Amino acid sequence: MAKKKKTTKEQCPADFTPLEGTVLKFKDKKEKKGRCPIWINEEHIEYEIELKNLQIELMKLQKSMKAKGDRILALFEGRDAAGKGGTIKRITAFLNPRNVRVVALAKPSDTEATQWYFQRYVPHLPAAGELVLFDRSWYNRAMVEPVMGFCTDEQHKRFLKDVTLFEELLVKDGIKLFKFYFSVSKDEQARRFEARKTDLLKQYKLSPVDNLAQQYWDQYSVKKFQMLNESNRTIAPWTIIRSDNKKQARINCMKHILSNIEYQDKLSAEKLQPDPKFVISGIDEIKHMEKNLFDPENLRG
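Overview of the structure.

How each quantity is defined
Residues numbered from 1 in each chain as written. Predicted model: local features only at pLDDT ≥ 70, side-chain atom pairs only at ≥ 80, totals over all residues. Heavy atoms only, no water. Helix = DSSP H or I, 4+ residues; strand = E, 2+ residues; numbered from the N terminus. Buried < 20%, exposed > 50% of the residue type's maximum accessible area, 1.4 Å probe, protein only. Pairing = 2+ DSSP bridges. Axes fitted to C-alpha atoms, helices over the stretch in contact; angles between N-to-C directions. Contact = heavy atoms within 4.5 Å. Phe/Tyr/Trp six-rings, centres within 6.5 Å; stacked < 30°, edge-to-face > 60°. Lys NZ or Arg CZ within 6 Å of the ring centre and 35° of its normal.

Backbone geometry follows two general trends: most residues other than glycine have a negative phi, and most peptide bonds adopt the trans configuration. One non-glycine residue with positive phi stands out, namely Arg-136, at about 75°. Mapped onto the secondary structure, Arg-136 falls in the loop between β5 (131-135) and α3 (144-148). The phi angle at Asp-265 is positive, at roughly 60°, despite the residue not being glycine. With respect to the element layout, Asp-265 can be found in the loop between α8 (246-259) and β8 (279-281). You can call Asp-265 exposed: its relative accessible area is 57%.

Right, dumping it as structure tokens:
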């Protein structure tokens, strides 16, 4: 019997796109016409299974929120390319869009620039049964704006004094508030910026500010330290997500949310326990920064 030949990559359908984390293995198309067998990394399979299970839990949570009228607000902050948007995308993927909203505001209009700073965020706060996720929030005034010169020193200082009062009002009114800071290393951020330049599906993420993110790395670190010191409070604490590993950042962010809210048919606490290597409290991050603020090699983003 003649030995079968393996097909080449060019023989695979032109519109075929492998899953993230897959390795292709091509065979004779006569064996299974029109199909392209693939090998998938075990780590990727484990990730997809755990992700699906957590997304099911989020659907349970949404059902419970609607029944009880709960309001949940999650803020996603961090340096550019830290993985905020990808995590938000996985959280909302299978939720009912009628009860979940993603808020990603553009720069303030001329009119908004004359208003009370928090005013343009208030209309987007959750109503009963809603989950609202801010892809960057009022904390723009804590890091991006002062570093880039988009606000004055006085406006920055006033924000840090007012934000704790504003968030206290939200929490006391019954809103469950999560504040996530996605921490990416300088080298990983640079690698992701380079990837954006060549990936047509990610080029929309490129912005003029990206070009300055690495240059102003230390300035951002100082503002991050100030932000955590002034706004990490018991009533509205920060949760730091180590995000050099995007998949683990997504999984553990979801676990943190789910483990802190009660809902019907919830998985066991053990299965929803975040990994302390990826989820750090705000106070622990402050201690880390106090120790390493002037040691860039050990300071995390």
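Having put the structure on the table, let's press on.
Hydrogen bonds between backbone groups are what pair the strands of a sheet, and the pairing can be parallel or antiparallel. The 6 strands are arranged β4-β5-β3-β6-β7-β8 in an open sheet whose pairing can be described as mixed. Strands with a single pairing partner mark the edges of an open sheet, and in this sheet they are β4 (100-103) and β8. Going across the sheet, the axis of each strand differs from the next one's by a mean of 25°, ignoring polarity. Contacting β3 (71-78) and β6 (175-183), helix α4 (residues 153-172) crosses the sheet at an angle of about 135° to β6. Contacting β6, β7 (238-242) and β8, helix α9 (residues 282-292) runs over the sheet at an angle of about 85° to β8.

Take the packing of aromatic side chains next. Taken as a whole, this structure holds 17 aromatic pairs when the rule is applied. Between the aromatic rings of Tyr-139 and Phe-159, the centroid separation amounts to 5.6 Å while the plane-to-plane angle is 90°, which identifies the pairing as edge-to-face. On the criterion of sequence distance, the pair formed by Tyr-139 in the loop between β5 and α3 and Phe-159 in helix α4 is long-range, its members being 20 residues apart. For Tyr-139, a relative accessible area of 1% puts it in the buried group. Put simply, the rings of Trp-116, Tyr-117, Phe-118, Tyr-121, Phe-134, Trp-138, Tyr-139, Phe-159, Phe-166 and Trp-238 pair up and form one aromatic cluster. Between the NZ or CZ atom of Arg-79 and the centre of the ring of Trp-217, over which it lies, the distance is 3.6 Å.

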